[in-house]
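Summary of structural features
The primary structure of each chain is shown beneath.
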Amino acid sequence: MEKLEELSLVKRAKKGDIEAFGLLYEQIYRDLYKFALFTLKDASDAEDVVGEAVTDAFETIGKLRSEEAFRGWMFRILANKCRRMLKAYGKRPTLREYGEAPYGWEPGEVRETAREDLMDLKKAFDGLEEEDRLIVALAFFGGYSSQEIGKILGKKPGTVRSRQSRALSRMRAFLTGSYGL
């Protein structure tokens, strides 16, 4: 779909045109689902959060300030839905077994250490600015290139790469204890 056609559809959707929103949804669904699936690692949950994100977007599209920001706006809604789902995962009592414990460790200590590492990683990720979290998630969970991310967010690929690099540096510093987020 050409950019002008997409902008026209967004304008129509903002005025309540259901068909225009449906056409926009058809164009973006695959990317939304891929992002959710890579983030949540569960097809059913990915479908659920994409459905919720699209419903929320449809209900609030009239508030979208800039037609050019539609794709980034959709991904921010989806990223927030995924984050809530991941929080719910943290409350589930199902942590995978991590095999045999190293010599001198009890099996429960291995699971607890793995859980702590995951929680530290989540804290480091959550401590990033929203746009940086989105860039890191699209790159690592979604497998998108800096050019693709730039297109989604309306940023230059170089800007995406530098923000990603700074975000990863902040996460690394947080995880090594040399920086507070």
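Here the residue index of a chain counts from 1 through its sequence in written order. For a predicted model such as this one, the threshold for reporting local features is a pLDDT of at least 70, and the threshold for listing and counting side-chain atom pairs is 80 or more; totals across whole chains, interfaces and linings nevertheless cover every residue. As a convention, hydrogens and water are excluded, and side-chain values are obtained from all of the structure's heavy atoms.

**Side note on the packing of aromatic side chains**
The cut-off we apply is this: Any two of the Phe, Tyr and Trp rings considered here, Trp counted by its six-membered ring, make a pair once their centres fall within 6.5 Å; the pair's planes then place it as stacked at under 30 degrees, edge-to-face at over 60, or tilted in between. Put simply, DSSP marks the helices as runs of H or I at least four residues long and the strands as runs of E at least two long, and each gets a number from the N terminus on. For every residue, the accessible area (1.4 Å probe, protein chains only) is compared with the maximum for its type, and the residue is labelled buried under 20%, exposed over 50%, or partly exposed between those bounds.
Taken as a whole, this structure holds 5 aromatic pairs when the rule is applied. Between the aromatic rings of F21 and F58, the centroid separation amounts to 5.1 Å while the plane-to-plane angle is 70°, which identifies the pairing as edge-to-face. Of the two residues, F21 is situated in helix α2 (residues 18-40) and F58 in helix α3 (residues 43-60); the sequence distance between them amounts to 37 residues. Relative accessible area serves as the criterion here: at 36%, F58 is assigned to the partly exposed category. Ring geometry for F70 versus W73: centroids 6.2 Å apart, planes at 45°, classification tilted. Placement of both F70 and W73 in helix α4 (residues 70-91) is noted, with a separation of 3 residues, approximately one turn of the helix.

**Here's the deal with the environment of L37**
The following threshold applies: Any two residues whose heavy atoms approach within 4.5 Å are treated as being in contact.
Assignment of secondary structure puts L37 in helix α2. The class for L37 is partly exposed, based on a relative accessible area of 29%. With 104 residues separating them in the primary sequence, L37 and F141 have C-alpha atoms 8.3 Å apart. Those residues in contact with L37 that lie beyond four places of it in its chain are D42, A43 and A46.

**Here we look at the pattern of salt bridges**
Short version of the rule: In what follows, salt bridge is the name for a side-chain nitrogen of Lys or Arg lying within 4 Å of a carboxyl oxygen of Asp or Glu.
Evaluation of the coordinates by the stated rule reveals 10 salt bridges. A salt bridge links K14 to E67; its shortest N-O distance comes to 3.3 Å. Highlighted residues: K14 in helix α1 (residues 3-14) and E67 in the loop between α3 and α4, separated in sequence by 53 residues. Residue K14 is classed as partly exposed on the basis of its relative accessible area, which comes to 24%. Among the ionic pairs, E131 bridges to R163, the shortest N-O distance being 2.9 Å. Placement of the pair is E131 in helix α6 (residues 130-140) and R163 in helix α8 (residues 157-176), with a sequence separation of 32 residues.

**Side note on the side chain of R163**
The following threshold applies: Each polar contact in these results corresponds to two N or O atoms within 3.5 Å; when the atoms are within protein, one needs to be able to donate a hydrogen and the other to accept it, and residues that are neighboring in sequence are counted only if both atoms are side-chain atoms.
A residue is classified by how much of its surface remains accessible, and R163, at 18% relative accessible area, is buried. Among the polar contacts listed, one links the side chain of R163 to the side chain of E131, at a separation of 2.9 Å. In this structure, R163 is in contact with E129, E131, D132 and I135, ignoring residues within four places of it in sequence.

Keep in mind these numbers describe shape, not what the thing actually does.
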